[in-house]
Amino acid sequence: MLERMLSARRGQLHSDGAEAEDDESKTRKHTSLAMRVSTHLTRLGYLLPCILLGVVLFCIVLVSTWSRKLACAPSSDAASRFRFLGFDGPDSDFGSLGVPWLSKHGKTVQWTSKDLLKGLEEFVPIYETRPIKNNMYGMGFDHSFGLWFMARWLKPDLMIESGAFKGHSTWVLRQAMPDSRIVSLSPRHPEKYLKKGPAYVDGNCTYFAGKDFVDFGSVDWGSVMKQHRITDLSRVLIFFDDHQNELKRIKQALKAGFQHLIFEDNYDTGTGDHYSLRQICDQSYIRLQYIYRKLIRHGVPFGGGHSCFRDSDEARERAKRKKFWEKAVDIDELCGAGEEWWGVRGQMRDDFNHSNKDISYTEHFMNSRYVESILDVYWELPPVAGPSLTHQSRYDPARVSSPIVEDGRFGLFTRLGLSSLETSVFNGYTQMVYLQISEPES
């Protein structure tokens, strides 16, 4: 009997529990969304306010970072902001002092920073064997490395240089491609310099120099290609170090069918003795594209366009940087009497600054649109190392991309053998640029 009573009680308890569970289930089904959210927040306690606070702070940092990109700021600030947000950005703040950039399709080069570092390790011992130790007024280490690296990477069947000087660039090309043919155009034959000091004359080079000189734009390139048995013009590399209007040279190269070009002196806006690609690409409308490509697509960073307003952030930043960097340009140097900032104070310079033409901003703008229509790749060689390592004070770091060896990495700088070079070889950096061009799309 006792067992029957206990059994009855257990059955009653089980029945009551099931009924209660069924009631609770029905209650949950009819509870309002607001009541459920309120119950959930109560259970979280202090955790939710912490989460919300973190989200708000992140949004504030994000908005602040985006807005400050349009103004001048120290390069280290820009780098830290991009790294915090997960962007693999450069060390420069590419706002109103930013690096111009154009490309028809937004493509870039195949090589990486790791490839450049590996190349540096190989090139330093080669550079130390150069025949012209003091190449004053010629290429220094940065551009010598850039030319060697790109020639070796592209592996052209024929290399053409316009402007040879004492022959240092010819020697660099030969180190990169020992078996490829070279055509050299130069008003004065490099052998003439042998009378006064070191020079280099290549035994497997066709010279249009001295009394046989022909300007690049006047050469019958069809005949030259036949002479050298070149049928694929994509296997030809052109190197310009002739201080001529680079817009003119691009048009001449495109007409001849060449695709791969390197310009040694890619002078910044407001500087130089000829109209450069960097000057052409320095346009105000590019700054809007910067936001899209960098913050949305994580593309190549760039900026452009300037203001002649004396009481502006850019003017103050330029004045400050002029005190530290020889090639920095302040507003008075940048702007002409009519506030012409493009080119060099509104001029399209040519032929070692011997032939100059005043151009309007409209013409300058249309030049950039033309270049953009034919430009598949635009890549500026970074400085080999940061200024604290090379002890250079010429180019403004705010106007260049991140160096291959960044400031503070003295161990790497030493391991690569760069510390053994004289500091003077690092003073010739002028934004060497590689281009790949093609006919405009119809």
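Preceding block: the structure.
Below is a summary of the structure that appears in this document.

How each quantity is defined
- Residues numbered from 1 in each chain as written.
- Predicted model: local features only at pLDDT ≥ 70, side-chain atom pairs only at ≥ 80, totals over all residues.
- Heavy atoms only, no water.
- Core = buried A, V, L, I, M, F, W, Y, C linked by side-chain atoms within 4.5 Å.
- Buried < 20%, exposed > 50% of the residue type's maximum accessible area, 1.4 Å probe, protein only.
- Helix = DSSP H or I, 4+ residues; strand = E, 2+ residues; numbered from the N terminus.
- Contact = heavy atoms within 4.5 Å.
- Pairing = 2+ DSSP bridges.
- Disulfide = S-S within 2.5 Å.
- Axes fitted to C-alpha atoms, helices over the stretch in contact; angles between N-to-C directions.
- Left-handed = near helix turned anticlockwise from the far one by under 90°.
- Nonpolar A, V, L, I, M, F, W, Y, C, P; charged D, E, K, R; others polar.
- Salt bridge = Lys/Arg side-chain N within 4 Å of Asp/Glu carboxyl O.
- Patch = residues over 30% accessible without salt bridge, like charges linked within 9 Å, V, L, I, M, F, W, Y side chains within 5 Å.
- Areas by Shrake-Rupley, 256 points an atom, 1.4 Å probe, with all protein chains shown as cover.
- Lys, Arg positive; Asp, Glu negative; His and termini not counted.
- Charge placed at Lys NZ, Arg CZ, Asp CG, Glu CD.
- Phe/Tyr/Trp six-rings, centres within 6.5 Å; stacked < 30°, edge-to-face > 60°.
- Lys NZ or Arg CZ within 6 Å of the ring centre and 35° of its normal.

### Concerning the nonpolar core
Nonpolar side chains in soluble globular proteins tend to be buried together.
Next up, step 1: Core analysis: the biggest nonpolar cluster contains 46 residues, and Leu120, Phe141, Phe145, Val405 and Leu418 have the highest contact counts within it.
Next up, step 2: Elements supplying a minimum of two residues to this core: α5 (113-127), α6 (141-154), α7 (168-176), β3 (205-209), β4 (236-240), β8 (375-380) and α16 (410-415).
Next up, step 3: When residues of this core are assigned to their parent elements, the largest contribution, seven residues, is made by α6.
Next up, step 4: Once you skip the residues sitting within four places of it in the chain, Phe141 turns out to touch Leu120, Phe123, Val124, Tyr127, Val384, Leu418, Leu421, Val425 and Phe426.
Next up, step 5: By size, the runner-up hydrophobic cluster in this structure holds 42 residues, among which are Ala253, Tyr275, Val329 and Met348.

### Concerning the side chain of Ser276
Next up, step 1: Of note, Ser276 is situated in the loop between β5 (260-263) and α10 (277-281).
Next up, step 2: Of the residues examined, Ser276 reaches a relative accessible area of 0% and is grouped as buried.
Next up, step 3: Discounting chain neighbours no more than four positions away, the residues touching Ser276 are Glu246, Asp265, Asn266 and Tyr267.

### Some details on the pairing of strand β9 (residues 433-437)
Next up, step 1: Of all five residues making up β9, four are buried, and the element is well covered by its neighbours.
Next up, step 2: In terms of strand pairing, β5 meets β9 through four bridges, oriented antiparallel. Within the sheet, the bridge partner assigned to His260 lies in β9 and is Gln436.
Next up, step 3: Where β8 lies against β9, five bridges are found, and the strand directions are antiparallel. Along β9, the bridge assignment pairs Glu380 with Val433.

### What about the state of the cysteines?
Next up, step 1: One pass over the full model with this rule turns up one disulfide.
Next up, step 2: Bridging Cys308 to Cys335, the disulfide has an S-S length of 2.0 Å. Classification of the bridge connecting Cys308 and Cys335 rests on its S-S torsion, roughly -100°, and on that basis the disulfide is left-handed. Of this pair, Cys308 sits in the loop between α11 (285-296) and α12 (313-322) while Cys335 sits in the loop between α13 (331-334) and β6 (347-350), and the two are 27 residues apart along the sequence. With respect to burial, Cys308 and Cys335 carry one shared label: buried.

### Describing the packing of helix α9 (residues 246-256) against helix α14 (residues 361-374)
Packed helices, taken two at a time, are described by their axes: the angle between them and the distance between them.
Next up, step 1: The contact between α9 and α14 brings their axes to 12 Å, and the two run at 35°. The way α9 lies across α14 gives a crossing that is left-handed. Across the interface between the two elements, Leu247, Ile250, Lys251 and Leu254 of α9 pack against Asn367, Tyr370, Val371 and Ile374 of α14.
Next up, step 2: Of the residues that constitute the contact of α9 with α14, the class distribution is six nonpolar, one polar and one charged.

### Overview of the packing of α6 against α7
Next up, step 1: Between α6 and α7, the shortest axis-to-axis distance is 8 Å and the interhelical angle comes to 35°. Viewed along their axes, α6 and α7 form a crossing whose handedness is right-handed. Of the residues in α7, those touching α6 at Ser144, Leu147, Trp148, Ala151 and Arg152 are His168, Ser169, Val172, Leu173, Gln175 and Ala176.
Next up, step 2: Of the residues in the contact of α6 with α7, the class split is six nonpolar, four polar and one charged.

### Notes on unusual backbone geometry
Next up, step 1: Positive phi is not limited to glycine here, since Lys155 has a value of about 50°.
Next up, step 2: Residue placement: Lys155 occurs in the loop between α6 and β1 (158-162).
Next up, step 3: Overall, the relative accessible area of 47% leaves Lys155 in the partly exposed class.
Next up, step 4: Of note in this structure, Phe352 is not a glycine but carries a positive phi near 60°.
Next up, step 5: Looking at where Phe352 falls in the secondary structure, it is placed in the loop between β6 and β7 (355-358).

### Observations regarding the pattern of salt bridges
Pairing is possible between side chains of opposite charge, provided their charged atoms come close.
Next up, step 1: Applying the stated rule across the entire model yields 22 salt bridges.
Next up, step 2: For the salt bridge of Asp157 with Arg235, the shortest nitrogen-to-oxygen distance reads 3.4 Å. Of this pair, Asp157 sits in the loop between α6 and β1 while Arg235 sits in the loop between α8 (221-227) and β4, and the two are 78 residues apart along the sequence.
Next up, step 3: A relative accessible area of 33% means that Asp157 is categorised as partly exposed.
Next up, step 4: What makes Arg235 partly exposed here is its relative accessible area of 30%.
Next up, step 5: With a closest N to O distance of 3.4 Å, Lys320 and Glu317 form a salt bridge. Taken together, the positions of Lys320 and Glu317, both in helix α12 and three residues apart, correspond to about one turn of that helix.
Next up, step 6: Look at Glu317 and you get buried, because its relative accessible area is 8%.

### Considerations on the sheet that holds β9
Next up, step 1: Pairing is mixed across the open sheet formed by seven strands, whose spatial order is β3-β2-β1-β4-β5-β9-β8. Pairing within the sheet leaves two strands with one partner each, and these edge strands are β3 and β8. Each adjacent strand pair in this sheet contributes to an overall mean axis angle of 15°, direction not counted.

### Things to note about a positive patch on the surface
Next up, step 1: Together, Arg188, Lys192, Lys195, Lys196 and Lys211 make up a region of like positive charge exposed at the surface.
Next up, step 2: You can see Lys196 is positioned in the loop between β2 (181-186) and β3.

### A look at the packing of aromatic side chains
Next up, step 1: This structure, assessed with the given rule, holds 26 aromatic pairs.
Next up, step 2: Ring centres of Phe240 and Phe263 lie 4.9 Å apart, and the angle between their planes is 15°; this geometry places the pair in the stacked category. In this pair, Phe240 is assigned in strand β4 and Phe263 in strand β5, connecting sequence segments 23 residues apart. As far as burial versus exposure is concerned, Phe240 and Phe263 are alike and both buried.
Next up, step 3: Above the plane of the ring of Tyr370 lies Lys251, whose end atom (NZ or CZ) is 5.3 Å from the centre.

### A few points about the environment of Val214
Next up, step 1: Take Val214: it is sitting in the loop between β3 and α8.
Next up, step 2: Under the relative-accessibility criterion, Val214 is labelled partly exposed at 26%.
Next up, step 3: Separated by 27 residues in sequence, Val214 and Pro187 have C-alpha atoms that sit 7.9 Å apart.
Next up, step 4: Those residues in contact with Val214, other than ones at most four positions away along the chain, are Leu185, Phe208 and Val219.

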